[in-house]
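Examining the three-dimensional arrangement
Chain by chain, the residues:
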Amino acid sequence: MRFTRDDRLLFIGDSVTDTGRDREDPTSLGDGYVRMIAEALPSPATVVNKGVNGHRVHDLEARWATDVLALAPSVVTVLIGINDTWRRYDRGLLSPVPEFEASLDRILTLAEEKCGARLFVMTPFLLPAGPEQETWFEDLAPRTDAVLRTATAHGATVVRTDLALLRAAEEHGAAALAPDGVHPSPLGHRVVARAWLAAAGAEGGSTSSERL
């Protein structure tokens, strides 16, 4: 996929996307995979980070008009789902998969209809930091299936973040990629960025990945 100076690439999600961005500075990209992608792209496209710590899919839907549609992006990348699972286990807040899937479907539909945006959907991931997190897969696995179904229904480019991190964990160990199981280390963010660039097939993509 070739990007130009007329493209606006918007990334939206939770803390994995946010990574400490300055909310007062619309050009701030945080310190994670979004910045890495922006620095690796062999094109002058505008990159925007709209990740917010702690958000679940209903939070994205609540701010979709202001944080996505109002900016008229040409490319929208969504990474969401791990907090919908996590809150079940630490706060008892449920995010039923059918409702999660319906919400994701609605926001992707709006991005297509209102912006004509090309869609990228990244799968949520978990590299368990302990036995208690192993149980999260009973909630996360069907949620990931829902993400894949919805992405396919919209013809979105799927970024298998979960599989990329699992492969990397075989070489580096899970703790080196996400010490708490959820939030990537700098190495983990590089794996995520490379997965996005590979899925995007960005012009000069192999060279771009080597920059990371």
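Residues numbered from 1 in each chain as written. Predicted model: local features only at pLDDT ≥ 70, side-chain atom pairs only at ≥ 80, totals over all residues. Heavy atoms only, no water.

Some details on the sheet that holds strand β4 (residues 118–122)
Strand order across the open sheet formed by 5 strands is β2-β1-β3-β4-β5, with parallel pairing between neighbours. Across the chains shown, the open sheet's two edge strands, defined by having one partner strand only, are β2 (46–51) and β5 (157–159). Shown here is a sheet whose adjacent strand axes are inclined to one another by a mean of 20 degrees, direction ignored. Here strand β1 (residues 8–13) runs beside strand β3 (residues 75–79); their pairing, made up of 5 bridges, is parallel. Bridging across to β3, L9 finds its partner in V75. (Pairing = 2+ DSSP bridges. Helix = DSSP H or I, 4+ residues; strand = E, 2+ residues; numbered from the N terminus. Axes fitted to C-alpha atoms, helices over the stretch in contact; angles between N-to-C directions.)

A look at the packing of helix α8 (residues 161–172) against helix α10 (residues 186–200)
Packing of α8 against α10 brings their axes to within 9 Å, and their N-to-C directions diverge by 135 degrees. Overall, the two elements α8 and α10 adopt an arrangement that is oblique. With respect to the hand of their crossing, α8 and α10 are arranged in right-handed fashion. Two secondary-structure elements touch here, α8 through T161, A164, L165, A168 and H172 and α10 through L187, G188, V191, V192 and A195. Here the residues of the contact of α8 with α10 sort into 7 nonpolar, 3 polar and no charged. (Parallel < 35°, antiparallel > 145°, perpendicular 65-115°, else oblique. Left-handed = near helix turned anticlockwise from the far one by under 90°. Contact = heavy atoms within 4.5 Å. Nonpolar A, V, L, I, M, F, W, Y, C, P; charged D, E, K, R; others polar.)

Re the side chain of K50
Among the structural elements, K50 can be located in strand β2. Among buried charged residues, K50 stands out as having no salt bridge; its nearest opposite-charge side chain is D67, 4.2 Å away. Aside from chain neighbours lying at most four places away, what touches K50 is L10, F11, I12, G13, R21, R63, D67 and L71. (Buried < 20%, exposed > 50% of the residue type's maximum accessible area, 1.4 Å probe, protein only. Lys, Arg positive; Asp, Glu negative; His and termini not counted. Salt bridge = Lys/Arg side-chain N within 4 Å of Asp/Glu carboxyl O.)

Let's talk about the nonpolar core
Counting residues in hydrophobic clusters, the biggest one holds 36 residues, and the most contacted among them are F3, L9, Y33, L41 and W196. Within the residue set of this core, elements represented by two or more residues are β1, α2 (33–40), β3, β4, α8 and α10. At 8 residues, the largest contribution of residues to this core is made by α10. Judged by nonpolar contacts, the second largest core, of 23 residues, contains V68, F100, A117 and V147. (Core = buried A, V, L, I, M, F, W, Y, C linked by side-chain atoms within 4.5 Å.)

Observations regarding the pairing of β1
Taken across its 6 residues, β1 has 5 buried, putting it largely inside the fold. Here 6 bridges tie β1 to β2, and the two strands are oriented parallel to one another. By the bridge assignment for β2, F11 is matched with N49.

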